[in-house]
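Inside the fold
Here's the letter readout for the chains.
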Amino acid sequence: MVSVLVDADGCPVVDKTIKIAQHFGLKVTLLCDTAHYMQREGAETIMVSKGADAVDFVLVNKVNKGDVVVTQDYGLAAMVLAKQGFAIDQNGRWYTPENIDQLLNSRHISKKIRQAGGRLKGPRKRQKEDDEKFEMHFHRLCEHALKN
């Protein structure tokens, strides 16, 4: 059975994810650390000790082939893909074997710029269109996961 796992720390689409997953009869698990603890009706919550990547490691150990993961972390998405899961970000972008290397490389370059004292522009303010795009693409991903 396909499950949906959410890297819930700072995730702006938790409620939308639960609503769409319930439409498909999918189990939802929210993973968060002690600083971001949340509970939502219709989802199980797993709280993890605070620490760098603590949620990521628990999540990747829970993901099974065919599961869907919602995350904005490229590294976590890469690990999910390696386990033959599906991954999507909060804006509806599917992580795929075709795009993950480029995303990881851009993250690496950005980190090097910041370490050298450079500044990068942060993400723009979330818009209603971002939520609509996520809903549409997450709905399609759930359909796709259930077919495979």
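Here the structure is shown first, and the text comes after it.
A brief look at the structure comes next. (Residues numbered from 1 in each chain as written. Predicted model: local features only at pLDDT ≥ 70, side-chain atom pairs only at ≥ 80, totals over all residues. Heavy atoms only, no water.)

What follows covers the overall build of the protein. The secondary structure content of the protein amounts to five helices and six strands. Computed over the C-alpha atoms, the radius of gyration of the protein is 15 Å, within 12% of the 15 Å expected from 2.2 N^0.38 for a compact globule of 148 residues. Projected onto its principal axes, the C-alpha coordinates of the protein cover approximately 45 × 35 × 30 Å. Going through the 148 residues of the protein one by one, you find that 44% of them count as buried. Restricting to contacts in the protein with at least 6 residues of sequence separation, those with at least 24 account for 50%. Surface accessibility of the protein: about 8,800 Å² in total, with carbon and sulfur atoms responsible for 49%. Computed over 22 positive and 19 negative side-chain charges, the inter-centroid distance for the protein is 4 Å. (Helix = DSSP H or I, 4+ residues; strand = E, 2+ residues; numbered from the N terminus. Rg over C-alpha atoms; globule rule 2.2 N^0.38 Å. Buried < 20%, exposed > 50% of the residue type's maximum accessible area, 1.4 Å probe, protein only. Contact = heavy atoms within 4.5 Å. Areas by Shrake-Rupley, 256 points an atom, 1.4 Å probe, with all protein chains shown as cover. Lys, Arg positive; Asp, Glu negative; His and termini not counted. Charge placed at Lys NZ, Arg CZ, Asp CG, Glu CD.)

This part covers a nonpolar patch on the surface. Among the surface-exposed residues, I109, I113 and L120 lie close enough to one another that they form a single nonpolar patch of about 230 Å² accessible area. Take I113: it is sitting in helix α4 (residues 100-115). According to the relative accessible area criterion, I113 is partly exposed, its value standing at 36%. (Patch = residues over 30% accessible without salt bridge, like charges linked within 9 Å, V, L, I, M, F, W, Y side chains within 5 Å. Salt bridge = Lys/Arg side-chain N within 4 Å of Asp/Glu carboxyl O.)

Looking at the largest pocket, its volume works out to about 590 Å³. Considering the residues around the largest pocket, the lining is formed by 21 residues, among which Q72, Y74, Q90, G122 and P123 are closest to the centre. The greatest single-element share of the lining of the largest pocket, amounting to four residues, is contributed by α4. Across the lining of the largest pocket, the residue classes tally to five nonpolar, six polar and ten charged. Taken as a whole, the second largest pocket spans an internal volume of roughly 180 Å³. What lines the second largest pocket is D7, D9, D33, S49, G51, A52, D53, A54, V55, D56, Q72 and D73. Among the elements that make up the lining of the second largest pocket, the one with the highest residue count is helix α2 (residues 54-62) (three residues). (1 Å grid on protein atoms, 1.4 Å probe; cavity = no way out; pocket = protein on both sides within 12 Å on 5 of 7 lines; lining within 4 Å. Points joined across faces, edges and corners; volume = space filled by probe spheres on them. Nonpolar A, V, L, I, M, F, W, Y, C, P; charged D, E, K, R; others polar.)

Turning our eyes to something else, we now look at the nonpolar core. Counting 25 residues, the largest nonpolar core has V6, L30 and F138 as the members making the most contacts within it. Put simply, the parts of the chain that give this core at least two residues each are β1 (3-7), α1 (14-23), β2 (27-33), β4 (68-70), β5 (86-88) and α5 (128-147). If you tally residues by element for this core, the top one is α5, at five residues. For L30, the contacting residues outside a window of four places in its chain are V6, A8, V14, I18, M38, R40, A43, E44, T45 and I46. The next biggest cluster of nonpolar side chains, apart from the first, holds 19 residues, and it includes L31, I46, V69 and A77. (Core = buried A, V, L, I, M, F, W, Y, C linked by side-chain atoms within 4.5 Å.)

What follows concerns the sheet that holds strand β6 (residues 94-95). The pairing of strands in a sheet comes from backbone hydrogen bonds and takes either a parallel or an antiparallel form. One open sheet holds the six strands; their spatial order is β3-β2-β1-β4-β5-β6, and the pairing between them is mixed. At either margin of the open sheet sits one strand with a lone partner, and together these are β3 (44-48) and β6. Here β5 pairs with β6 via two bridges, running antiparallel. Along β6, the bridge assignment pairs A87 with Y95. (Pairing = 2+ DSSP bridges.)

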